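Analysis of the macromolecular model
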Amino acid sequence: MGTTLTRWWWVRHAPVPDGGRIYGQRDLDCDCGDATAFAALAQELPADAVWITSSLVRTRQTAAAILAADPERHSAIEPVAAPELIEQHLGDWQGLERKAFYAERGVGTHAHWFAPAHERPPGGESFVDLAERVFPAIERFTAEHRGRDIIAVTHGGTIRAALALALGLNPQTALAFSIDNCALTRIDHVRAEGSAGLWRVVAVNHRPWPSAALAAAGSGAAPIDKA
């Protein structure tokens, strides 16, 4: 009986100079200045892959920086933008000063994220809402590109949702994963002929570079990841 392996290579976008404010779905540029990190990712990621980003500019900029770091291995690539893979909409919280928000809501003591998974910010969506739009997109791309390598440059929330799908986790539990900027998460879908297939997690938050700058960015004092 034949077995098909579809490999998802998830990369979180590069750091966003946010002025200390919550950005969520705000369409901000990212800092792609760490050439060492992008060169390492370009070497780690497979050639001849399907490339996907979200519809936000920071994911497109990050994908472009990876591709430019090794144009011979990753030639003639045009990533597909998938709006379903966008970060969580944090509604009225977007633009608020992050440190004051943390202090007021006690973030870091009752939640790993800006709020528990089920809570919707005013004018926004909950992490549960994010997961419910991300799951079908992952399943669709997996079916469309079965047997291929899929490189998805997206967001911390999106990657946590992918891990929730793969491991059968409730959304609140998935928020416990740390997903750093530019870090790589590998999730495989293994499907035997005639079966629905199984997911397996190969790596989470892998950073294949010796860059002190990005390593420091992932280990600061903030109690949760930025978005």
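Read on for an overview of the structure. (Residues numbered from 1 in each chain as written. Predicted model: local features only at pLDDT ≥ 70, side-chain atom pairs only at ≥ 80, totals over all residues. Heavy atoms only, no water.)

A closer look at the side chain of T158
Relative to the helices and strands, T158 resides in helix α5 (residues 156-167). In this structure T158 comes out as buried when scored by relative accessible area, which is 0%. Here I86 takes part through its backbone oxygen, which lies 3.4 Å from a polar atom of the side chain of T158. When near neighbours in sequence (up to four residues on either side) are disregarded, T158 contacts W10, L85, I86, E87, L130 and V134. (Helix = DSSP H or I, 4+ residues; strand = E, 2+ residues; numbered from the N terminus. Buried < 20%, exposed > 50% of the residue type's maximum accessible area, 1.4 Å probe, protein only. Polar contact = N/O pair within 3.5 Å; in protein donor to acceptor, adjacent residues only side chain to side chain. Contact = heavy atoms within 4.5 Å.)

Topic: the packing of helix α1 (residues 35-44) against helix α2 (residues 57-69)
Between α1 and α2, the shortest axis-to-axis distance is 8 Å and the interhelical angle comes to 75°. One element, α1, and the other, α2, form an angle in the roughly perpendicular class. For the pair formed by α1 and α2, the contact residues are F38, A39, L41 and A42 on the first element and T62, A65, I66 and A69 on the second. Per-class residue counts for the contact of α1 with α2 are 7 nonpolar, 1 polar and no charged. (Axes fitted to C-alpha atoms, helices over the stretch in contact; angles between N-to-C directions. Parallel < 35°, antiparallel > 145°, perpendicular 65-115°, else oblique. Nonpolar A, V, L, I, M, F, W, Y, C, P; charged D, E, K, R; others polar.)

Here's the deal with the nonpolar core
Considering soluble globular proteins, one finds that nonpolar side chains tend to be buried as a cluster. Core analysis: the largest hydrophobic core is formed by 37 residues, its most contacted members being W8, W10, I52 and F114. Listing elements by their share of this core, those giving two or more residues are β1 (3-12), β2 (50-53), α3 (98-105), α4 (127-144), β4 (149-154) and α5. With residues near it in sequence (within four places) discarded, W8 still touches I52, I138, F141, T142, I150, A152, T185, R186, I187, D188 and W199. The next biggest cluster of nonpolar side chains, apart from the first, holds 23 residues, and it includes A14, L67, C182 and L184. (Core = buried A, V, L, I, M, F, W, Y, C linked by side-chain atoms within 4.5 Å.)

Focus on the sheet that holds strand β3 (residues 80-81)
Across the sheet, which stays open at both edges, the 6 strands sit in the order β3-β2-β4-β1-β5-β6 with mixed pairing between neighbours. Here the strands that pair on one side only, and so sit at the sheet edges, are β3 and β6 (198-206). Two strands pair when backbone bridges link them, and β1 and strand β5 (residues 184-192) are joined in this way by 9 bridges, in the antiparallel orientation. Its bridge partner lying in β5, W8 is registered against I187. Of the strands in this sheet, β1, β2 and β4 are in contact with α2, which crosses β2 at around 145°. Packing of α4 onto the sheet brings it into contact with β1, β2, β4, β5 and β6, and relative to β1 it is tilted by some 130°. (Pairing = 2+ DSSP bridges.)

Details of the side chain of H74
Among the secondary structure elements, H74 is positioned in the loop between α2 and β3. The buried category is assigned to H74, whose relative accessible area is 5%. Once you skip the residues sitting within four places of it in the chain, H74 turns out to touch A42, L45, P46, A47, W51 and L67.

Topic: a nonpolar patch on the surface
A cluster of nonpolar side chains, namely L167, V201 and V204, defines an oily patch on the protein surface of about 190 Å² accessible area. Within the secondary structure layout, V204 lies in strand β6. Residue V204 is classed as partly exposed on the basis of its relative accessible area, which comes to 30%. (Patch = residues over 30% accessible without salt bridge, like charges linked within 9 Å, V, L, I, M, F, W, Y side chains within 5 Å. Areas by Shrake-Rupley, 256 points an atom, 1.4 Å probe, with all protein chains shown as cover. Salt bridge = Lys/Arg side-chain N within 4 Å of Asp/Glu carboxyl O.)

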